[in-house]
Every structure is written in structure tokens, then in C-alpha cells.
Amino acid sequence: STLFPYTTLFRSEKLGAHVHAIGASPNGRNINLNCGSLHLDSLRDAVLRERAGLGVAFDGDADRALFVSGSGRIVDGDAVLLIAARHLKEEGKLPGDVVVATVMSNLGLERALTAHGIKLVRMPVGDKYVLEEMLRIGAALGGEQSGHVIFHEWATTGDGMLTALRVFEVMTTSGATLDELASEMEVYPQKLVNVRVKERKPLDKLPAVQDEIRAAESAFGASGRVLVRFSGTEPLARVMVEGADASMVDDFSNRIAARIRSELGEN
């Protein structure tokens, strides 16, 4: 059965048996329509309904792959990086014991990798930045939370099919289910707030904004992250707050966003 480019169910934990594709009837206008990596609800429902071993969702050009485990758990690019990094390290194929990701990768990934003696290097959002750093430091693995994963031994860009096959390989060689492989990945609550602004001033020159950022960083300590940046393409300031306590994440992200609105003015 063809997997490209929509969604696939695997009915058996022994991969390759009873493959079933859904959302695989393109007509030239329905790309990603209620299916694929942008819309995982239908895949999750199908996995649970069919009691499938797992499901894989590709985006329209198939450079991304996201997964749904047999229990219905969403396994994103961060979890795939963890699964792949552990496997590559065990095989002696993770040079420098390093993985390249972006500033948006969840803190849970960083902590899980650290527990295995693997360092996470963060780059700006965009797989091109991930690849540039991989080439610079000689890393074998990198990617994004969104499902772009680069296995440099085989490719220099995200490839959803390759990502799926690599995950299947880890499952078959380890004898573990996708749920078991992803169980170590603790996803910290993360909130992103976009603030529309009239002008861009250096954020480090806005004392009230910096006060809120410092307050958040102090409150979270090592159990959270704050990232505030301007969009490269839109008149937006992006506020990302991540931490173990969801209520604190919500509170501080709103506080920082409110300060930016008052300082820079929302259109």
C-alpha cells in the first residue's frame, strides 16, 4: 500500500502487516484536508477504532511525519528525536552524543536526552538552521517538534517516509511498542502567544518587558523556559513560556504578552 502523502494505519505491532491508508484520495484540491500531520484527530480516532498498532501522518509534501501510538498518544518530532537518539547512541552512530533541535523543542526532550548523556543544541525555528548546525558540528540527528527529522547518514532534509521507517526499525529491533518507546518523553506544558505590534524595538531595551521575563525565569528556575522573539515574516512578537506548572505557564505568558502590548502597541 502507498503511504504517501496522507495517513496510514498499521494493524499489527509486527510492522508491514495489514497496512491501511486513509485520506489517500487526492483530487488536486484536498491536500491536507482534515488529514495528515496538520489534523491528527481523524488518525487518532481511526487508530483507536481499528485497534491499530500505530498510525503515521504525513504532510502534503511528505517531509514531515507524526505518529499516533496504539493507545492514542500523539508522538511528535520531539519524541521521535528521543527515540532515534537513544537508538543511534546504542549503535555508536551518534557523533559527539549530540542532537540538534530548535528553540521550540519541549524542555522534556532536553531533560530526557540529558538523562542518557546526550546534549541538545537549540537553533532558531526552521529545518535549514538545524541542518546548518548539524553540518557545522558533524551531528547525525536533528529536527523539529513539527515532525521534520533529519537523519544525516541518509538525507540532508526532512523525509517523512524515512522518519517512519527509522521509527519502525527501532520498534522491530527493540521489540518495544511505540507507547513504550515514547514513555520517557515528559511533555511540559507550553503556551505560545502572538502579539501584533506597530513597531519593533529591541526587547532588551524594554524594562517592563524584561522585568516580567526575569520574574518568570526566576519562578520556574530550571523547570521552565521563556522565549520572546519577533516573527521574521509578520508584525508579531511571539511569547513562548514552558514549565512544569500549567497555571504558571498560562499566567506568565499572558503577563509578558500584556507588557509587550502596552510597550509596542497592538494594531
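One numbering rule holds for all chains: residues counted from 1, following each sequence as written. Totals for whole chains, interfaces and linings use all residues, but because this is a predicted model, local features are given only for residues with pLDDT of at least 70 and pairs of side-chain atoms are given and counted only at 80 or more. Excluded from the side-chain calculations are hydrogens and water; all other atoms, namely the structure's heavy atoms, are used.

### A closer look at the nonpolar core
The criterion is simple. A nonpolar core is a set of buried Ala, Val, Leu, Ile, Met, Phe, Trp, Tyr and Cys residues joined through side-chain atoms within 4.5 Å. Buried, partly exposed and exposed residues are distinguished by accessible area as a fraction of the type maximum, computed with a 1.4 Å probe on protein chains only: under 20%, between the cut-offs, and over 50%, respectively. In terms of nonpolar packing, the biggest core is built from 37 residues, with Val-56, Phe-67, Val-99, Leu-113, Leu-141 and Leu-178 touching the most fellow members. A run of DSSP states H or I qualifies as a helix once it reaches four residues; a run of E qualifies as a strand once it reaches two. Both are numbered from the N-terminal end. Broken down by secondary-structure element, the contributors of at least two residues to this core are strand E3 (54–58), strand E4 (65–69), helix H2 (77–90), strand E6 (98–102), helix H3 (107–115), strand E9 (149–151), helix H5 (160–174) and helix H6 (178–182). Tallying contributions element by element places H2 first for this core, with eight residues. If you look at the next biggest cluster of nonpolar residues, it comprises 21 residues, including Ile-213, Val-226, Ala-237 and Phe-252.

### A closer look at the packing of H2 against H3
Relative placement of two packed helices is described by the angle separating their axes and the distance separating the axes. Axis definition: a line fitted to C-alpha atoms, limited for helices to the stretch in contact. Angles are taken between N-to-C directions and run from 0 to 180 degrees. The interhelical angle for the contact between H2 and H3, taken along N-to-C directions, is 10°, at an axis separation of 9 Å. With respect to H3, the element H2 is oriented roughly parallel. Where H2 abuts H3, its residues Asp-78, Leu-81, Leu-82 and Ala-85 lie against Leu-109, Ala-112 and Leu-113. Residues are grouped as follows: Ala, Val, Leu, Ile, Met, Phe, Trp, Tyr, Cys and Pro are nonpolar; Asp, Glu, Lys and Arg are charged; all remaining types, including Gly, are polar. Residue composition of the contact of H2 with H3, grouped by class: six nonpolar, no polar and one charged. Under this scheme an angle from 65 to 115 degrees is roughly perpendicular, one under 35 degrees roughly parallel, and one over 145 degrees roughly antiparallel; angles in between are oblique. Throughout, a residue-residue contact means that at least one pair of heavy atoms, one from each residue, lies within 4.5 Å.

### Focus on the side chain of His-87
Along the chain, His-87 turns up in helix H2. If near-sequence neighbours (up to four positions away) are discounted, His-87 is found in contact with Arg-166, Glu-169, Val-170 and Thr-173.

### Description of the packing of H2 against H5
Put simply, H2 and H5 touch, their axes get as near as 10 Å, and they point 55° apart. The pairing of H2 with H5 is recorded here as oblique in orientation. Remark: the crossing between H2 and H5 carries left-handed chirality. For the pair H2 and H5, the contacting residues are Val-80, Ile-83, His-87 and Leu-88 in the first and Thr-163, Arg-166, Val-167, Glu-169, Val-170 and Thr-173 in the second. Partitioned by chemical class, the residues of the contact of H2 with H5 number five nonpolar, three polar and two charged. Crossing chirality is assigned from the near helix's rotation relative to the far helix, an anticlockwise turn below a right angle marking it left-handed and a clockwise turn marking it right-handed.

### Thoughts on the environment of Asp-159
The residue Asp-159 is located in the loop between E9 and H5 in this model. Given a relative accessible area of 30%, Asp-159 falls into the partly exposed group. Sequence separation between Asp-159 and Asp-61 is 98 residues; the distance between their C-alpha atoms is 9.1 Å. In contact with Asp-159, other than residues within four places in its own chain, are Ala-62, Asp-63 and Val-149. Two N or O atoms form a polar contact when they lie within 3.5 Å of each other; inside protein one atom must be a possible hydrogen donor and the other a possible acceptor, and for residues adjacent in sequence the pair counts only when both atoms belong to side chains. Here Leu-162 takes part through its backbone nitrogen, which lies 3.1 Å from a polar atom of the side chain of Asp-159.

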